[in-house]
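# Fold and geometry: a report
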Amino acid sequence: MVRYMEASWPRATRPMPPHLSHGDGRQIDLAVFYVSRDGRPLGRPPTASGYGAFEPPRAGDPRVCTGHGGHHAAPDPPPSRRWTLDDSRTATLLRTLARDARVRRIFIEPHLKARLGFARNGKVRFAGCGAARHDDHLHVDFR
Ligand SMILES: [Zn+2]
């Protein structure tokens with residue numbers, strides 16, 4: 001099951017704060033998938049809103065917004081957390097979206113773009129350090 005968080009509002013105006021976009025019906029935030037530490041797929045993100053369960057860069061992964069502040073200053077979850085990203089299910093969702101001609105672009109953090117195998121896919125992009133962290137959700141932008 002794919003879960004979604006914020007998408008748009010009925011009056012169809014951009015942006016829809018606190019988002020830098022959204023509001024016109026062409027963007028939606030989709031939850032990434034998670035597994036428990038013993039590898040059990042979780043049916044939903046481990047936070048009430050679906051946002052905030054960040055999958056931090058691993059040692060050696062790029063960390064591009066260090067010292068930038070803003071959304072990227074949100075602390076990583078502790079290493080002792082009971083969940084982690086489900087790479088396989090998240091990559092499958094990303095692949096499905098990237099192949100869909102109606103999808104214009106998908107935002108994800110650089111370390112996950114590389115880790116999930118999309119390093120050379122121009123449709124899968126980094127939103128920049130001024131945007132929200134996209135290591136807890138995928139932002140999907142439709143044409
Ligand atoms: Zn979004």
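Structure: above.
Here goes a summary of the coordinates provided. No experiment lies behind these values; they were computed from the predicted model shown. (Residues numbered from 1 in each chain as written. Predicted model: local features only at pLDDT ≥ 70, side-chain atom pairs only at ≥ 80, totals over all residues.)

## Topic: the overall build of the protein chain
Scanning the protein chain from terminus to terminus reveals two helices and six strands. Each helix (α) and strand (β) of the protein chain, taken in turn from the N terminus, gives the series β-β-β-α-β-α-β-β. Radius of gyration (C-alpha) of the protein chain: 15 Å, near the 15 Å computed for a compact globule of 143 residues. Along the first, second and third principal axes, the C-alpha set of the protein chain runs to 45 × 35 × 35 Å. Looking at the protein chain as a whole, 25% of its 143 residues are labelled buried. A separation threshold of at least 6 residues defines the contact pool for the protein chain, and within that pool the share at least 24 residues apart is 62%. (Helix = DSSP H or I, 4+ residues; strand = E, 2+ residues; numbered from the N terminus. Rg over C-alpha atoms; globule rule 2.2 N^0.38 Å. Buried ≥ 20, exposed ≤ 12 C-beta atoms within 10 Å, placed from the backbone. Contact = placed C-beta atoms within 7 Å.)

## Observations concerning the sheet that holds strand 5 (residues 124-125)
Judged by pairing direction, the sheet is mixed, and its four strands sit side by side in the order 1-6-4-5 without closing on themselves. Two strands in the sheet have a free side with no partner beyond their single neighbour: strand 1 (27-31) and strand 5. (Pairing = 2+ DSSP bridges.)

## Remarks on the environment of Leu30
Note that Leu30 resides in strand 1. On the basis of neighbour counts, which here come to 20 C-beta atoms within 10 Å, the residue Leu30 falls in the buried class. A sequence separation of 13 residues divides Leu30 from Gly43, and the C-alpha atoms of the two residues are 14 Å apart. Excluding anything up to four places from it in sequence, Leu30 contacts Val2, Tyr4, Leu93, His137, Leu138 and Val140.

## Some words on unusual backbone geometry
The step from Arg14 to Pro15 runs through a cis peptide bond, and the omega angle for that step is -10°. For Pro15, the location among the structural elements is in the segment before strand 1. Cis geometry marks the peptide bond from Pro17 to Pro18; its omega dihedral reads 5°. Its location among the elements puts Pro18 in the segment before strand 1. In this structure, Ala12 takes a positive phi of about 60° despite not being glycine.

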